[in-house]
Amino acid sequence: MNPVSRRTVLKTLFVSAALALGPTRFVRAQTPGELRLGWQKGSVLAVMRARGTLDRALAQGGVSVRWIEFPAGPQMLEALAVGSIDLGEVGETPPVFSQAAGAELRYVANRPPSPREEALLVPQDSPLRTVAQLAGKRVALNKGSNVHYLLLRLLENAGLSYRDVKTAFLPPADARSAFERGAVDAWVIWEPFASAAEVQIGARRLADATGAAANHGFMIATRAFTENAPDLLRQVLGALQEEYRWIGVHVDESARIAAPQLGLSTEIVQRAFQNYAFGLEWPLSESVVQNQQRIADAFRALGLLPRPVSVRDVVWAG
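In this report, we go over the structure that sits alongside the text.

What counts, and at which threshold
- In this convention, every chain numbers its residues from 1, walking through the sequence in written order.
- It should be noted that, the model being predicted, local features are given only for residues of pLDDT at least 70 and side-chain atom pairs only at 80 or more, the latter also being counted only at that level, while totals for whole chains, interfaces and linings use all residues.
- In computing side-chain properties, one takes all heavy atoms of the structure into account and sets aside hydrogens as well as water.
- Helix numbering and strand numbering both begin at the N terminus, where a helix is a DSSP run of H or I of at least 4 residues and a strand a DSSP run of E of at least 2.
- Under the scheme applied here, a residue whose accessible area is under 20% of the maximum for its type counts as buried, over 50% as exposed, and between as partly exposed, the area being computed with a 1.4 Å probe on protein chains only.
- Contacts between residues were defined by any pair of non-hydrogen atoms, one from each residue, lying within 4.5 Å.
- The pairing criterion for strands is at least two bridges between them, as found by DSSP.
- For every element, the axis is a line fit to its C-alpha atoms; helices are fit only across the contacting stretch, and the angle between N-to-C directions ranges from 0 to 180 degrees.
- In what follows, roughly perpendicular refers to angles from 65 to 115 degrees, roughly parallel to angles under 35, roughly antiparallel to angles over 145, and oblique to any angle outside these ranges.
- Here the nonpolar group is Ala, Val, Leu, Ile, Met, Phe, Trp, Tyr, Cys and Pro; Asp, Glu, Lys and Arg are the charged ones; every other residue, Gly included, is treated as polar.

**As for the overall build of the chain**
When you go through the chain residue by residue, the secondary structure sums to 13 helices and ten strands. Here the chain holds 318 residues, and the buried ones make up 56% of them. Intrachain contacts of the chain at a sequence separation of at least 6 include 79% that bridge at least 24 residues.

Listed below in structure tokens is the structure:
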């Protein structure tokens, strides 16, 4: 990527983050009686927000929930790093980049593997039929998101290196626009954006993460939150765990609930939710920690992390 393009991408990411953070950009201590929860429209937290179950559960103890929306995980963890949120759900890769940047974060829980929840898309009429044919092609993705690692692994499995493709680092909305107008050859993206592109513009799924990446989702908290409010954190995780179980049993109903918040048709959200894995587990198992460490080591080997990180050092014991 040339210097001008790199500056443009960085500017886009920082502007997106600033818009997401709004007036809460500056570091401050946790407000007693308030949980500041980061969420993305693409996550099933959209269902929980609409149902109000977490809000009601915490209200019984005098705690309110402030839901703060972000376009993607990296922007959410930038907010967490400066103390603007207490807790948020992100994919595998954002915590690795955030920890490498010095953020005081803690892994507090994880979702089960969900490899079908992210995908590599190409236009319907694209001549590309295999991942190996991506050599020399331009691929859009959100830098530092779970799909960043997916691309790395898909290329590796196809006998290519990360440097065999031209990456265009764009947030989901901009990536969709570039994909539609043919400015990129492929797009690596997560649900429900993937299903939306398939239904609305006929995008074709060239691959998902099956056999390439586990694609765990993580609940990430600030170190201060884990140390100052561990009982509240356990209560939150318990409430989220129960809600995940409900969603897993009522997938179609959950899709109908989430669709208006996501600005998508119920058909698209139902299609997307079929690719999700529902559940929440804590503390992190050794196998999950090791998987995260492999991701960190892979990005470090490529020179994309400023320093090595030890995932185990930032895992909350529960």
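Let us keep going from here.
**Let's talk about the sheet that holds strand 5 (residues 118-122)**
Taken together, the five strands give an open sheet; going across it, the order is 7-6-8-5-9, and neighbouring strands pair in mixed fashion. Looking at the sheet topology across the chains shown, the edges are occupied by strand 7 (166-169) and strand 9 (204-208). The sheet shows a mean angle of 30 degrees between the axes of neighbouring strands, taken without regard to direction. Here strand 5 runs beside strand 8 (residues 186-190); their pairing, made up of four bridges, is antiparallel. Note that in strand 8 the partner of Glu118 across the bridge is Trp190. Packed on one face of the sheet, helix 6 (residues 146-157) meets strand 5, strand 6 (138-141), strand 7, strand 8 and strand 9 and runs near 130 degrees to strand 8. Set on the sheet, helix 7 (residues 172-180) makes contact with strand 5, strand 6 and strand 8; between it and strand 8 the angle comes to about 150 degrees.

**A few points about the packing of helix 5 (residues 93-100) against helix 6**
In a packed pair of helices, the relevant descriptors are the angle between the two axes and the axis-to-axis distance. Packing of helix 5 against helix 6 brings their axes to within 6 Å, and their N-to-C directions diverge by 105 degrees. Taken together, the axes of helix 5 and helix 6 lie roughly perpendicular to each other. Where helix 5 abuts helix 6, its residues Thr93, Pro94 and Phe97 lie against Asn146, His148 and Tyr149. Its residues placed into classes, the contact of helix 5 with helix 6 shows three nonpolar, three polar and no charged.

**Some words on unusual backbone geometry**
Looking along the chain, the bond that leaves Glu191 and enters Pro192 is cis, with omega of 5 degrees. By the element assignment, Pro192 lies in the loop between strand 8 and helix 8 (193-201). Cis geometry marks the peptide bond from Trp282 to Pro283, where omega comes out at -10 degrees. With respect to the element layout, Pro283 can be found in the loop between helix 12 (266-273) and helix 13 (286-301). If you check the backbone angles, Asn215 has positive phi at about 60 degrees while not being a glycine. By the element assignment, Asn215 lies in the loop between strand 9 and strand 10 (218-222).

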